[in-house]
Every structure is written in structure tokens, then in C-alpha cells.
Amino acid sequence: MSNTGRRKKLASFNCDQKMWEQFIARCNSKGTTATATLTRFIELYLDGSDDDLDEIAGNENKRLDSLEQKVEEITTRMTQLTEAIIKIQDYLNKQPRRQNKSYNNNNSYLNRQTSRIQPLTEESLAARLGVNQETVRKERINLPPPLFVAWCKGKDRAGLGWEFNENTGLYHPVS
């Protein structure tokens, strides 16, 4: 038979399934039942012993409101920062590009040096590259012209590339 008697009322209410299961598990871990726990809570609430529950619920709402306000403030600030970053990027993108003067000076120096270097014979180029004439000839014949220039750059002490001119029979510097 039911525990419900003359002085007792069977109470029924809706509750989230997961929350109810957690409540039952906690009651079991404390060695009590859901009925005993809920009845005790009602008694404490009616005696005023748990009046602070209303305050706790109110404080929870205040905390949520405060949290929402802080999130809105942070979102507003992030939007402002994003807009500032975009303005800075736009400003920087509109600025004329500065050229590195030392690079330009070095580059023009290299161009002047390259134009002063005279074409070389195969024998002179071989000596400059530190190889023999046959090696220069073999590499020139076996490699396409751009790769021969790169091979020469790798061997040349000044890092110059050299290309062969069929008309003159000489090797000309390439920067």
C-alpha cells in the first residue's frame, strides 16, 4: 500500500529527467530517499530556515544579468578593437612602399660591377671557377642555359653567373 495517509498528500510535479536522476543518485549517496529529502526541504522552507533560497535564486538572476552585461561590454570593446585594427591596416596598405636603400645600393653596385667585368675565354672562366676547361665545356653543353648560369653562380667567388655567346665564343657575366 501507499505511504499516503490521512495527513499526507501525494505530490506530483514535472522535472527534467537528467536532473531527477542526479537528485535520486545524490539522495542514495547520502543514504536517504527523494521523499525524505523533499519533505525535509519543505519543512525547512516553511520554518524560514531556508529563506535565503529566495535570495539565492534572486542573486543567481542578478549574477546572470551582470554576466550578460559584461559579455555585452566585452563584445562591444572587441568590435571597437577590430574596427581600429582594420583602419590601421587600411592606412598601412595605402602608404607607398618604401624600398630598402641598402638593397638598392648593393644591387646597383652589383650591376656596375657586372657591367665592368669583361667577357672571359673558356680558359679564363675555368680558372675563375676553379675547374678545368673540359668541365666548363661539358657543363655548358649538358645543361640548359639557365642551369649553366646557376652552376656558374655556385662556383664563382663573386656569385656571378656566366653565359656563353655563340657569336663571340666568350662567356659573359650575368647578374
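Residues numbered from 1 in each chain as written. Predicted model: local features only at pLDDT ≥ 70, side-chain atom pairs only at ≥ 80, totals over all residues. Heavy atoms only, no water.

Draft legend 1. Examining the packing of aromatic side chains more closely. Evaluation of the coordinates by the stated rule reveals six aromatic pairs. Pairing Trp-20 with Phe-23 gives two aromatic rings, centres 5.6 Å apart and planes at 40°, and the pair type is tilted. Remark: Phe-23 and Trp-20 occur in helix 1 (residues 17–29); sequence separation between them is three residues, near one turn of the helix. Given the relative accessible area of 24%, Phe-23 is considered partly exposed. A ring pair is formed by Phe-148 and Tyr-171, whose centres lie 6.0 Å apart and whose planes are at 40°; its orientation type is tilted. Here Phe-148 is found in helix 7 (residues 145–155), whereas its partner Tyr-171 is found in strand 2 (residues 170–174), with 23 residues between them in sequence. The two residues Phe-148 and Tyr-171 agree in class, both being buried. What links up through ring pairs into an aromatic cluster is the set Phe-148, Trp-151, Phe-164 and Tyr-171. Above the ring of Phe-164, the side-chain terminus of Arg-140 is found at 3.9 Å from the ring centroid. (Phe/Tyr/Trp six-rings, centres within 6.5 Å; stacked < 30°, edge-to-face > 60°. Helix = DSSP H or I, 4+ residues; strand = E, 2+ residues; numbered from the N terminus. Buried < 20%, exposed > 50% of the residue type's maximum accessible area, 1.4 Å probe, protein only. Lys NZ or Arg CZ within 6 Å of the ring centre and 35° of its normal.)

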